[in-house]
Amino acid sequence: MTFTATSSDRLLSIMLTLGQFPILSNRIRIRMRRELFSRGILNQAGFEAEVREKAMLSQRREGLHNPVYEEPNDIWETRLNKVRDQLTDLYFSQHLSYPHFEQIVNDVLKERGIDKEEQMFSINPELAPIELVFEQAMAIEKMPAEDRTRLEARLQEAKVVLIRTMISDQLRYINIAKEWLKLEDLIEIRRRKIGTGRIGGKAAGMLLAARVIKERGGNELRRSLRTPESYYVGSDLLYTFMAINNLFHWNDQKYKTETEMREEYPQVLAEFLAGDFPPDILDKLTSLLVSVGNTPLIVRSSSLLEDNFGTSFAGKYESVFLPNQGTLQENLRALTQAISRVYASTLNPNALLYRRSKGLQDYDERMAILIQTVVGEPLGDYYLPHGAGVAFSRNMYRWSQQIKADDGFLRLVWGLGTRAVDRVGNDYPRLVALSHPLLRPSTSAKNIRRYSQQFVDVIDLKSNCMRTLPIQDVLQTNYYPLRYLVQLDEEGYFVSLRSRLVEGDQKRLVLTFEDLLRRTYFGRHMRDMLHLLEESYQAPVDLEFAVQLEPGENGGALLNIYLLQCRPQSHLERSEQVPLPVDLPKKNIIFSTQFVVPQGRVDGIKYVLFIPPEGYFDLNPPTDRVKLARAIGRLNAALKGQTFICVGPGRWGSSNSDLGVPIDYGDIYNSRSLVELAGQGIGPAPEPSLGTHFFQDLMESKIYPLAIYLEEETSIFNRDFFYKTPNHIQDKITVEPEILKAIRLIQVEDYAPGQSIRIVMDDSEGKAMAFIESKKKEMPVQPEAEIS
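Residues numbered from 1 in each chain as written. Predicted model: local features only at pLDDT ≥ 70, side-chain atom pairs only at ≥ 80, totals over all residues. Heavy atoms only, no water.

### Here's the deal with the overall build of the chain
Inference 1: Summing up its helical and strand segments, the chain has 31 helices and 28 strands in all.
Inference 2: For the chain, the proportion of contacts with a sequence separation of at least 24, taken over those separated by at least 6, is 76%.
Inference 3: Taken as a whole, the chain presents about 33,800 Å² of accessible surface, with 48% of it coming from carbon and sulfur. (Helix = DSSP H or I, 4+ residues; strand = E, 2+ residues; numbered from the N terminus. Contact = heavy atoms within 4.5 Å. Areas by Shrake-Rupley, 256 points an atom, 1.4 Å probe, with all protein chains shown as cover.)

Here is the structure:
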């Protein structure tokens, strides 16, 4: 019986530690060689000849060409002893079992009157190899309760060292994780980990949250909780990958200008995608693929800073879905390309600008990888989950006074969760206030259909690719969870499915999730989960999830809630309530809206960036609209330290420039509010971005998102302010002539000399208002403005 790779590692780790006790380690190695010689595995004379040969080879590597005269005898003897010890460890690990080694150690310790337990616990976990720290912790856990009590502090120390070494070195995380993670969790991480380094923030958050729920949740919640099959690529492999592919010349990207970052990133990505991986890593990735078979995978970023307190990095790094339906070699190629793409995204301009805005530019941000099986099941040629989304423990944007902010909300879609976390331009998720799951932002049948999910993201198993399809192209009448997901539109009201569909009914199906929320414990479980996690993290949290249903007793459904990700939201604080002004002159009101308003205020606004809808939609898509987005980014930098807001048509941050300005977080992070205009011919109906990655960026930076639906009678929009004031854009930045008609920078003092704008948002009244701040000494303003 020979050592496994793991056993060999254990042997080498213990021998390294025994190096702190030279007399002991010398006696143990003498016994090890004696065992090798007596079993005929090695010939003593041949072994000593090899020791001498390899020692002389090491001299030549150091430039010693006449070793007899160029090296003192004591150094030569030290060299011989080191080589002899190394060869002893190597041959013993290759030919004999770990129990043989343990027996030798025990015999030597007995001869010297040393207790094995005392020897084991005399090591310093902070300096010892990780394998030996595991050995120590496992030995304590196996002890009888009465013996273990006196070593609880040592077990806690070992756990903290393992958490810091394998998972995260962030102190706020360690303080929580050491109370909840068990040694079995850490052993499972080690078993599923590829390469050295930490597993990163995303993996860390998922594992900690799952353990908290398993320990604190009620019986029903614990039975419903699942995590997907997961594997971890250690963060150190990033630098190995960059070293063998000569990519370190890109490491200074974070110190370059935004223009340089954006211009060079395509080349960065191309070089990373052309990179190769070490053979041992390829072997382990191949074994992973053999283990999961043809189940689709997702390759997710899990950087050291990701999902940390105050820095979520939401959507900054890549995640790549892999259908995994090809040959083993094709799937391996796709997997390594996905990992390379995630590695390259550490140099993505949006990620680097985010780090710069958070004061994290100088941090050594290494990227670990989280590889997971995709939650779901086949439906015809497609693969998708029954539901997926993102949930928040605090609801800062309530659409009714009945809603309890502390019960949280979720953003729910059918199919892959990409439509929940990305702000797609042509679709709407189901928003669920967990205090009142069935309470909608709008109750009219017309609006329920209009604001329901129209498209679904799936994995096409036949074509081995990702696709977005109309829901009617994917839904099937024999789909088990159908009655929990959809309702029939009966021309003015919706009814749940009670019988099989007839021909033509499929076109009348609307994704409402009404019966999932009404007839299962899904809403209650999600609320309880968020409460438990917020209490344990001592901070608001958000999590990403997937849902699978299976037949239960008496025609019911069994819930399987998969926890995919959990991160703290320490920046979400409820602002002090400020009363809305009354009896303001119309000319002093800049805008007012009653569409999904948060609690808060913004004072001292000196500038307003305004994107005129008619000018924007007249731009040549997509080139001129991208130029506009880059111009906004330059203005964002130019106005650093100034208080300004942005007002424009459609959805800020939309990936589809026909639906809104295609900016990124890096283009607007100095702003204090993003205001979206909607109405006939202006932009799509406003859709709350609650829960998207873009929304999380805004919340972290305390940038308030607001929407004005101009066709609503309660909305106010001061056209004189926005259209009849001077344009100062070219005083701040250079703008290409072709986009000048689509960008205006308004200086508030031009409209109200010596004054500024204040925005007050009152979620209890569901109203936000921007107005000229009144001063003790009234300043004259322009004549009566045109209000729409």
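Now that the structure has been shown, we can carry on.
### Re the packing of aromatic side chains
Inference 1: By the definition in use, this model includes 20 aromatic pairs.
Inference 2: Between F241 and F277, the ring centres sit 4.7 Å apart and the planes meet at 40°, which makes this aromatic pair tilted. Of the two residues, F241 sits in helix α15 (residues 237-244) while F277 sits in the loop between α16 (258-273) and α17 (279-292), which places them 36 residues apart along the sequence. For the pair F241 and F277, a shared accessibility class is recorded, and that class is buried.
Inference 3: Considering the side-chain rings of F610 and F717, the 6.2 Å spacing of their centres and the 50° angle between planes classify their relative orientation as tilted. Here F717 lies in strand β25 (residues 716-717) and F610 lies in strand β21 (residues 607-610), a separation of 107 residues in the sequence.
Inference 4: Residue F610 is classed as buried on the basis of its relative accessible area of 0%.
Inference 5: Following the ring pairs from residue to residue traces out a cluster consisting of F610, F717, F721, F722, Y723 and Y751.
Inference 6: Positioned above the aromatic ring of Y521, the side-chain terminus of R524 is 4.1 Å from the ring centre.
Inference 7: The ring of Y616 has R625 sitting right over it, with the charged end atom 4.9 Å from the ring centre. (Phe/Tyr/Trp six-rings, centres within 6.5 Å; stacked < 30°, edge-to-face > 60°. Buried < 20%, exposed > 50% of the residue type's maximum accessible area, 1.4 Å probe, protein only. Lys NZ or Arg CZ within 6 Å of the ring centre and 35° of its normal.)

### Overview of the environment of N636
Inference 1: Secondary-structure assignment places N636 in helix α27 (residues 623-638).
Inference 2: Residue classification places N636 among the buried residues on the basis of a relative accessible area of 2%.
Inference 3: With 35 residues separating them in the primary sequence, N636 and S671 have C-alpha atoms 7.2 Å apart.
Inference 4: Those residues in contact with N636 that lie beyond four places of it in its chain are F644, G666, D667, I668, Y669, N670 and S671.
Inference 5: A polar contact of 2.8 Å, which involves the side chain of N636, links it to the backbone nitrogen of N670. (Polar contact = N/O pair within 3.5 Å; in protein donor to acceptor, adjacent residues only side chain to side chain.)

### Let's talk about the pattern of salt bridges
Inference 1: Under the criterion given, the structure shown has 49 salt bridges.
Inference 2: As a salt-bridge pair, D457 and R419 come within 3.0 Å of each other at their nearest N and O atoms. With a gap of 38 residues between them, D457 in strand β12 (residues 455-460) and R419 in helix α20 (residues 418-421) connect regions that are remote in the sequence.
Inference 3: Judged by its relative accessible area of 5%, R419 is buried.
Inference 4: Where D618 meets K741, a salt bridge forms, and the shortest distance between an N and an O atom there is 2.7 Å. A residue pair is termed long-range when its members are at least 10 positions apart, and D618 in the loop between α26 (613-617) and α27 and K741 in the loop between α30 (729-732) and β26 (744-747) qualify at 123 residues.
Inference 5: In this structure D618 comes out as exposed when scored by relative accessible area, which is 51%. (Salt bridge = Lys/Arg side-chain N within 4 Å of Asp/Glu carboxyl O.)

### Quick look at the side chain of Q361
Inference 1: For Q361, the location among the structural elements is in the loop between α19 (349-357) and β6 (367-373).
Inference 2: If we skip the residues at most four places from it in the chain, Q361 touches K254, Y255, R355 and R356.

### A few points about the sheet that holds strand β14 (residues 486-489)
Inference 1: Read across the sheet, three strands follow the order β15-β14-β16 without closing on themselves; strand pairing throughout is antiparallel. Sheet topology places β15 (494-496) and β16 (509-511) at the edges, where each strand pairs with a single neighbour. Direction aside, the axes of adjacent strands within the sheet are offset by 45° on average.
Inference 2: Relative to β15, β14 runs antiparallel, the two being bridged by three bridges. The residue bridging D489 from the neighbouring strand is F494, located in β15. (Pairing = 2+ DSSP bridges. Axes fitted to C-alpha atoms, helices over the stretch in contact; angles between N-to-C directions.)

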